[in-house]
Amino acid sequence: MPDLDALVHHQLVRGLIDQGRVPTNGELADALKATPEAIEASLRRLHDGHGLVLHPHRPEPWVIHPFATSPTLTWVAQHSRGWWSPCIWCGLGVATLVGGEVTIQSRLGGESSDITIRCRDGNVHDSDLWAHFPEPPRFAWGNVHHFCARLLPFARREDVLPWAERHGFVPGQVLPLAQLADLARRWYGRHADRDWHKWTVAEAADIFREAGLTGPFWSLDARAGTY
């Protein structure tokens, strides 16, 4: 039987997929036959373990990767339904979890040019696009919001360096959007499972390697415990 934290995470993700919003803490308590105190403790454990991000001043989910609960630059739409996502990697993760045909709306480099990316089951149709991975994944949780905000689509690989210079960023790695979509399918494919768990370092390293992402930039810090 999955533990309470896995079930809370499952309820949050399913609520987002099915209703477009996270259940309230009271709804979580009712659904899982748990006390409000147990739900709050579970949410705090998930936050401390980087399973989600709570609002700074209250025990309510703010980000449950690959979903965001407040408006962002990345919007994933399917018919009349839609979801906010923290970044283009996460948007592709939402496309994987939702399945079927979806569109992802964003802006190239987070600037003025709108872009619509078409996907089916997490696979992108627009295979000529690129994505900027802003820094090694082992540093992502140092400031996960800033990390996600810089993980953006680009029309051309060579657009990334002048963009980074213009905004005072140290450029990261640039990869084909199709490769990022492959990573998203591997990384987020089980995030709606009842027995979800955070990836161990070994599991996360395997995922990056299977997606063809190797070398020092993609190496992980074993002291982090989970990813």
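Residues numbered from 1 in each chain as written. Predicted model: local features only at pLDDT ≥ 70, side-chain atom pairs only at ≥ 80, totals over all residues. Heavy atoms only, no water.

Participant: Go over helix H7 (residues 177–188), please, and point to the residues and values.
Facilitator: With 12 residues, H7 should reach 16 Å at 1.5 Å per residue; the first-to-last C-alpha distance of 16 Å fits that figure. Where H7 is concerned, the buried positions are Leu 177, Leu 180, Ala 181, Asp 182, Leu 183, Ala 184, Trp 187 and Tyr 188. Buried residues in H7 make contact with helix H4 (88–98), strand S7 (114–120), strand S8 (123–124), strand S9 (130–133), strand S11 (173–176) and helix H8 (201–210). (Helix = DSSP H or I, 4+ residues; strand = E, 2+ residues; numbered from the N terminus. Expected span 1.5 Å × (residues − 1). Buried < 20%, exposed > 50% of the residue type's maximum accessible area, 1.4 Å probe, protein only. Contact = heavy atoms within 4.5 Å.)

Participant: Tell me about the pairing of strand S4 (residues 74–78), residues and numbers included.
Facilitator: For S4, the buried fraction is high: four of the five residues fall into the buried class. One ladder, built from five bridges, connects S4 with strand S5 (residues 81–85); its direction is antiparallel. Residue Val 76 lies in a different strand from S5, and its bridge partner there is Trp 83. Relative to strand S6 (residues 101–107), S4 is paired through three bridges, and the arrangement is antiparallel. For Trp 75, the partnering residue across the bridge sits in S6 and is Gln 105. (Pairing = 2+ DSSP bridges.)

Participant: Quick one: what's the story with empty space enclosed by the protein, residue by residue and with numbers?
Facilitator: Going through the model one piece at a time under the given rule, you end up with one cavity of 30 Å³ or more. Taken together, 22 residues line the largest cavity, and the ones lying closest to its centre are Trp 141, Trp 187, Tyr 188, Lys 198 and Tyr 227. Looking at the lining of the largest cavity, the elements with two or more residues in it are H4, helix H5 (144–149) and H7. Class assignment of the residues belonging to the lining of the largest cavity gives a composition of 15 nonpolar, six polar and one charged. (1 Å grid on protein atoms, 1.4 Å probe; cavity = no way out; pocket = protein on both sides within 12 Å on 5 of 7 lines; lining within 4 Å. Points joined across faces, edges and corners; volume = space filled by probe spheres on them. Nonpolar A, V, L, I, M, F, W, Y, C, P; charged D, E, K, R; others polar.)

Participant: Account for the sheet that holds S11, naming residues and giving values.
Facilitator: Across the sheet, three strands lie side by side as S10-S9-S11; this open sheet has antiparallel pairing. At either margin of the open sheet sits one strand with a lone partner, and together these are strand S10 (153–154) and S11. Sheet topology note: the S9/S11 ladder contains four bridges and is antiparallel. Paired with Trp 130 across the bridge in S11 is Pro 176.

Participant: For the layout of surface pockets, give the residues involved together with the corresponding values.
Facilitator: Size it by volume and the largest pocket reaches roughly 150 Å³. In this structure, the largest pocket is lined by Asp 48, Gly 49, His 50, Arg 138, Phe 139, Trp 141, Gly 142, Lys 198, Ala 224, Thr 226 and Tyr 227. Residues of the lining of the largest pocket, tallied by class, amount to four nonpolar, four polar and three charged.

Participant: Can you tell me about the nonpolar core, naming the residues and giving the values?
Facilitator: Among the nonpolar cores identified, the biggest contains 65 residues, and Trp 89, Phe 133 and Leu 180 are the most heavily contacted of them. Each residue touching Leu 180, except ones within four places of it in the same chain, is listed here: Ile 88, Trp 89, Leu 92, Ala 131, Phe 133, Leu 151 and Leu 175. Among the nonpolar cores identified, the runner-up in size contains six residues, and Leu 152, Val 160, Ala 164 and Val 174 belong to it. (Core = buried A, V, L, I, M, F, W, Y, C linked by side-chain atoms within 4.5 Å.)

Participant: So, the side chain of His 9: which residues are in play, and what are the values?
Facilitator: Relative to the elements of secondary structure, His 9 occurs in helix H1 (residues 4–19). Taking the relative accessible area as the measure of exposure, His 9 reaches 0% and is therefore buried. Beyond its immediate stretch of four places on either side in the chain, His 9 contacts Leu 46, Gly 51, Ile 64, His 191 and Trp 196.

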